[in-house]
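Chain by chain, the residues run as shown.
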Amino acid sequence: MKTPDVMAPDGGWGWMVVLAGFVQTALVFGVIRSFGVFFVEFVAYFGETSSGVSWVVSVGVATLQFASPMGSALSARFGVRLVVMTGGSLASLGLLLASFSTSLTHLYLSVGLVAGLGWALVFSPSIAAVSCYFNKHRSLATGLAVSGAGISSLAFSPLFQYLLDVYGWRGALILLSGMSLNLVASGALLRPLVLEGELDVPEKSSDAGCSETLSSLFSLELLRHGPFMRYVLVFVLVDTGYFVPYAHLVAHARENGCDEYQAAFVMSAAAVSDIFGRVLAGWIADAKVFARLVHSLTLWTLLTGLSLTLLPLGHSFSSLVPLGVGYGFFAGALVPLQFTTLVEIVGTGYLLGAIGLMHMLESIGALLGAPLSGWLRDMTGDYTASFVASGVFLLAGALLLLTLPNYFSHSKLLETRRKTTMPALDPEVYELTQD
């Protein structure tokens, strides 16, 4: 693998790349978070069970996560701009095909597989592109880029409901397909500094040569890198608890006397504070308040876990709102640090492949969290155990961060020399975390 030694400009066109990332996270995760507006319409039209309809978005999210390494590999081979534009086209096509659905299976294939694959080709490469354009302001830039998800979550739910009321679900999906074409336009903004992460693919006809090429494309050598795999395990634990409030906080509010509008407001308040958390955490990280990014990440992970364990203390609207705001802020602050801290683990040269592999592997936690929370609710009769258990998972993840190499040192380098066949794309940063 070859990556030229390029200085990140920390500005200039990089801010257009941040804008592109903002639009992309808004149109990927904003759509996913707000797609539940179509839920009632699908249940009524197709005459299917609620659990059956729920799998439409679940399949899309699973495809997004499991296909993320493909997005990283294709970007390394063909460039981020082309891959993201292709992903935007697929996302738009999937939603357009969904508007012609005559059965739930069609929705699984169109939204779940086609649009999900498109989302996968957009997300990982766009986040990696932001990181490549920034060094000094990398955390702030990433925080601004991922804040698109929070803002769109506020705007899209009422917008989608309006489109449903006026045009019906088929017309609304066609318009949503048109909106998603903005992913293509934003992808065109991802001007490469150089051919970031371009691979010198050896032209070998032997099986060994094919294996080496695939391993290099997908950065599979990272699976043998102890600090990276430990970091992935941290986010398997984090994701097991992180998404539980998105699934059950509204239900918890309703069980504690809130009406449907008050319960929705609790989530809206959490979404607003999520936006501020993402941007402020990025600014604090770039201000070097902590010696290393992993120290900032540990703090926000601990605070998110604690805020989750405190959610059961909310027994009325007036107490749930501040608790929801606290969770939203800390949970939002955690997001940009997840990606920027990864640079300390693998360096910028491996960032594309690392984000893809991490996103795929951490999906285990995301898939387990909500069902486990629901099971605890059924067993205990309320959501107290669900939120406490979720918080414990994040606290465990924070403790695991303490085991990363050189965690308690303020130095940028390890004294030990690295012993690996992985090329040193960013040698000083890479040596930082090599056992």
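In this text the structure is predicted, and so the values were computed from the model without any measurement.

**Notes on the overall build of the protein**
When helices and strands are counted, the protein shows 18 helices and 0 strands. Here the contacts in the protein between residues at least 6 apart in sequence split such that 83% fall between residues at least 24 apart. Of the accessible surface of the protein, which amounts to about 17,700 Å², a share of 67% is contributed by carbon and sulfur atoms.

**A few points about the pattern of salt bridges**
With the rule as written, the count across this model stands at 3 salt bridges. Between Glu-255 and Arg-377 there is a salt bridge; the shortest N-O distance is 2.7 Å. With Glu-255 in helix α12 (residues 244-255) and Arg-377 in helix α16 (residues 351-380), this pair connects stretches of sequence that are 122 residues apart.

**Looking at the environment of Ser-373**
Of note, Ser-373 is situated in helix α16. Separated by 10 residues in the primary sequence, Ser-373 and Tyr-383 have C-alpha atoms spaced 7.7 Å apart. Ignoring sequence-local partners within four residues, the contact set of Ser-373 consists of Val-244, His-248 and Ser-386.

**Notes on the packing of aromatic side chains**
A full pass over the atoms with the stated rule returns 18 aromatic pairs. Measuring from ring centre to ring centre gives 5.0 Å for Phe-29 and Phe-123, while their planes differ by 80°; the resulting arrangement is edge-to-face. Here Phe-123 lies in helix α6 (residues 104-133) and Phe-29 lies in helix α1 (residues 14-34), a separation of 94 residues in the sequence. Ring geometry for Tyr-383 against Phe-387: centres 6.1 Å apart, planes inclined by 40°, an arrangement best described as tilted. Exposure class is identical for Tyr-383 and Phe-387. Each is buried. What links up through ring pairs into an aromatic cluster is the set Phe-38, Phe-42, Tyr-45, Phe-46, Phe-156, Phe-160 and Trp-169. In this structure, Arg-77 is placed above the aromatic ring of Phe-78, and the distance from its NZ or CZ to the ring centre is 5.6 Å.

**Some thoughts on the packing of α1 against α6**
The relative placement of two packed helices comes down to the angle between their axes together with the axis-to-axis distance. Running from N to C, α1 and α6 cross one another at 150°; their axes reach a closest spacing of 9 Å. Here α1 lies roughly antiparallel to α6, going by the angle between them. For the pair α1 and α6, the sense of crossing is left-handed. Contacts between α1 and α6 involve Gly-14, Val-17, Val-18, Gln-24, Thr-25, Leu-27, Val-28, Phe-29, Val-31 and Ile-32 on the former and, on the latter, Trp-119, Val-122, Phe-123, Ser-126, Ile-127, Ala-129, Val-130 and Tyr-133. In terms of residue class, the contact of α1 with α6 is made up of 14 nonpolar, 4 polar and no charged.

**Re the side chain of Glu-362**
Locating Glu-362 in the fold gives a position in helix α16. The buried charged residue Glu-362 lacks any salt bridge partner; its closest oppositely charged side chain belongs to Arg-278, at an N-O distance of 12 Å. Only 3.4 Å separates the side chain of Glu-362 from the side chain of His-359, close enough to count as a polar contact.

**A word on a nonpolar patch on the surface**
Among the surface-exposed residues, Leu-93, Leu-96, Leu-97, Phe-100 and Ile-174 lie close enough to one another that they form a single nonpolar patch of about 440 Å² accessible area. Ranked by residue count, the leading element in the nonpolar patch is helix α5 (residues 80-98), at 3 residues. The residue Ile-174 is located in helix α8 (residues 148-180) in this model. Assessed through its relative accessible area of 41%, Ile-174 is described here as partly exposed.

**Points about unusual backbone geometry**
The backbone of Asn-406 shows a phi angle near 65°, a positive value even though the residue is not glycine. Position of Asn-406 relative to the elements: it lies in the loop between α17 (384-401) and α18 (427-432).

**Looking at α16**
Here α16 spans 42 Å end to end across 30 residues, near enough to the 44 Å set by a 1.5 Å rise per residue. Most pronounced at Glu-362, the bend in α16 amounts to some 30°. Positive phi shows up at Gly-381, right after α16, with a value of about 95°.

**What to know about the confidence of the model for the protein**
The pLDDT averaged across the protein works out to 80; a share of 85% of its residues lies at or above 70. Across the protein, the secondary-structure element scoring lowest on mean pLDDT is α18, at 38, and the one scoring highest is α5, at 95. Scored below 50 in pLDDT, residues 1-5 shows 14 contacts in the model against residues more than four places distant or in partner chains. Every residue in residues 195-208 is under pLDDT 50, and counting partners more than four places away or in other chains gives 19 contacts.

So, how was this worked out
Residues numbered from 1 in each chain as written. Predicted model: local features only at pLDDT ≥ 70, side-chain atom pairs only at ≥ 80, totals over all residues. Heavy atoms only, no water. Helix = DSSP H or I, 4+ residues; strand = E, 2+ residues; numbered from the N terminus. Contact = heavy atoms within 4.5 Å. Areas by Shrake-Rupley, 256 points an atom, 1.4 Å probe, with all protein chains shown as cover. Salt bridge = Lys/Arg side-chain N within 4 Å of Asp/Glu carboxyl O. Phe/Tyr/Trp six-rings, centres within 6.5 Å; stacked < 30°, edge-to-face > 60°. Buried < 20%, exposed > 50% of the residue type's maximum accessible area, 1.4 Å probe, protein only. Lys NZ or Arg CZ within 6 Å of the ring centre and 35° of its normal. Axes fitted to C-alpha atoms, helices over the stretch in contact; angles between N-to-C directions. Parallel < 35°, antiparallel > 145°, perpendicular 65-115°, else oblique. Left-handed = near helix turned anticlockwise from the far one by under 90°. Nonpolar A, V, L, I, M, F, W, Y, C, P; charged D, E, K, R; others polar. Lys, Arg positive; Asp, Glu negative; His and termini not counted. Polar contact = N/O pair within 3.5 Å; in protein donor to acceptor, adjacent residues only side chain to side chain. Patch = residues over 30% accessible without salt bridge, like charges linked within 9 Å, V, L, I, M, F, W, Y side chains within 5 Å. Expected span 1.5 Å × (residues − 1). Bend = angle between axes of the 7 residues up to and from the residue. pLDDT = per-residue confidence, 0-100.

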